[in-house]
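The chain contents come next:
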Amino acid sequence: MLLVLGALHFFNVFALGRYRRNRLRQLATHPPLAPVGRLPVQPAHPPTAPGPGMPGPGAAPAAPGQANPPAR
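All residue numbers refer to position in the chain's written sequence, counted from 1. It should be noted that, the model being predicted, local features are given only for residues of pLDDT at least 70 and side-chain atom pairs only at 80 or more, the latter also being counted only at that level, while totals for whole chains, interfaces and linings use all residues. To obtain the side-chain values, all non-hydrogen atoms of the structure were used and water was disregarded.

Here the focus is the overall build of the chain. Per the secondary structure count, the chain includes one helix and zero strands. In this scheme, a residue with accessible area under 20% of its type's maximum is buried, one over 50% is exposed, and one in between is partly exposed, where area comes from a 1.4 Å probe on protein chains only. For the chain, the proportion of its 72 residues judged to be buried stands at 0%. Total accessible area on the chain is roughly 7,700 Å²; 67% of this is exposed by carbon and sulfur atoms. By the criteria applied, helices consist of DSSP H or I runs no shorter than four residues and strands consist of E runs no shorter than two, each listed in order from the N terminus. Note on areas: these come from Shrake-Rupley sampling with a 1.4 Å probe, and a residue is covered only by the protein chains present in the view.

And the structure:
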């Protein structure tokens, strides 16, 4: 009984390995798809306008203890 089970086991290992090699060979013949184009690059954070009381992009920082003058 053990010899028959052992023979069936080795036959299954052989058959499944052969099936796997055949499938890998079939899949390897089709190259991956080439990219069609590129997506436009989006900025990570869109620029925002300074709010009221906030200095603009070129304003110097205020000294500690002093408020920023209002923008005109």
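After presenting the structure, the write-up continues.
This part covers a nonpolar patch on the surface. Residues enter patches when their relative accessible area tops 30% and they take part in no salt bridge; the joining distance is 9 Å for like charges and 5 Å for the nonpolar side chains Val, Leu, Ile, Met, Phe, Trp and Tyr. For salt bridges, the criterion is a side-chain nitrogen of Lys or Arg within 4 Å of an Asp or Glu carboxyl oxygen. Together, M1, L2, V4, L5 and L8 make up an exposed nonpolar region whose accessible area comes to about 600 Å². Looking at the secondary structure, you find L2 in helix 1 (residues 2-28).

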